[in-house]
Amino acid sequence: MDIRIKELLPEPLVLPVSREGRTERQDGTSRPGSFKEVLRREMDAVPLKLSAHAEKRLRERNITLKEADMEKISRAVSLAAGKGVRNSLVIYHDLALVTSVENRTVVTALDRRSGAGRVFTNIDGAIIVE
């Protein structure tokens, strides 16, 4: 019996690899980085949202977050995600923001006056943003 195993197996998948050892995309460019960097890049692509509760608290306290502020806070949330944090406290200037990292949502917001003496629960990470 003459069985050729090579004919039974599918052709191996060959991916082009750059000199640095990174796989290349079909357009010939490569995306460098570890899994953590790729995850952070992908998380940055998802915008940070404000919950209805957080929006209400910001309005009540006359706090306006500009686009640049939201970008800084979003980067902090992405850093937290890279560390495996699920719910974080983000300290940004005079604000304390409780965020759901998994949902990329600001859950509530407090300014320094209303946050004094508060105990934050159900968080597993904290980030101080400049």
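Scroll up to find the structure.
Residues numbered from 1 in each chain as written. Predicted model: local features only at pLDDT ≥ 70, side-chain atom pairs only at ≥ 80, totals over all residues. Heavy atoms only, no water.

Caption draft 1: The overall build of the chain, seen in detail. A count of helical and extended segments in the chain gives 5 helices and 5 strands. Considering the chain as a whole, with its 130 residues, one finds that 31% of them fall into the buried category. Expressed as a percentage of contacts within the chain between residues at least 6 apart in sequence, the contacts between residues at least 24 apart total 54%. Carbon together with sulfur atoms contributes 53% to the accessible area of the chain, which is approximately 9700 Å² in total. (Helix = DSSP H or I, 4+ residues; strand = E, 2+ residues; numbered from the N terminus. Buried < 20%, exposed > 50% of the residue type's maximum accessible area, 1.4 Å probe, protein only. Contact = heavy atoms within 4.5 Å. Areas by Shrake-Rupley, 256 points an atom, 1.4 Å probe, with all protein chains shown as cover.)

Caption draft 2: Just the pattern of salt bridges, in detail. For the coordinates displayed, the defined rule picks out 3 salt bridges. Its salt-bridge partner being Arg-112, residue Asp-94 comes within 3.4 Å of it at the nearest N-O pair. Residue Asp-94 is found in the loop between β2 (87-92) and β3 (95-100), and its partner Arg-112 is found in helix α5 (residues 112-115); the two are separated by 18 residues along the sequence. Since its relative accessible area comes to 48%, Asp-94 is described here as partly exposed. Arg-112 sits in the exposed class, given a relative accessible area of 57%. Linking Asp-111 and Arg-113 is a salt bridge whose minimum nitrogen-to-oxygen distance equals 3.3 Å. (Salt bridge = Lys/Arg side-chain N within 4 Å of Asp/Glu carboxyl O.)

Caption draft 3: Spotlight on unusual backbone geometry. Positive phi values are uncommon outside glycine, yet His-93 reaches one of about 55°. Note that His-93 resides in the loop between β2 and β3. For Asn-122, which is not glycine, the phi torsion reads 60° and is therefore positive. Tracing the sequence through the fold places Asn-122 in the loop between α5 and β5 (125-129).

Caption draft 4: Molecular detail of the environment of Lys-56. Position of Lys-56 relative to the elements: it lies in helix α3 (residues 52-60). The spatial distance from the C-alpha of Lys-56 to the C-alpha of Thr-108 is 8.8 Å, given a sequence separation of 52 residues.

Caption draft 5: Layout of the environment of Glu-37. Looking at where Glu-37 falls in the secondary structure, it is placed in helix α2 (residues 35-45). For Glu-37, a relative accessible area of 41% gives the class partly exposed. Once the C-alpha coordinates of Glu-37 and Leu-79 are considered, the two residues, 42 residues apart in sequence, prove to be 9.6 Å apart.

Caption draft 6: The arrangement of the sheet that holds strand β4 (residues 105-111) in detail. Read from one edge to the other, the open sheet built from 5 strands follows the order β1-β4-β3-β2-β5, with strand pairing classed as mixed. Of all the strands in the sheet, just β1 (49-50) and β5 have a single pairing partner and so form its edges. Here β2 runs beside β5; their pairing, made up of 5 bridges, is parallel. Residue pairing across strands places Leu-89 opposite Ala-126, the latter belonging to β5. Each of β1 and β4 is contacted by α3, which is oriented at about 25° to β4, the strand it contacts most. Docked against the sheet, helix α4 (residues 67-82) engages β1, β2, β3 and β5, running at close to 140° with respect to β2. (Pairing = 2+ DSSP bridges. Axes fitted to C-alpha atoms, helices over the stretch in contact; angles between N-to-C directions.)

So, to be careful, I would describe these as geometric facts and stop short of saying anything about function.
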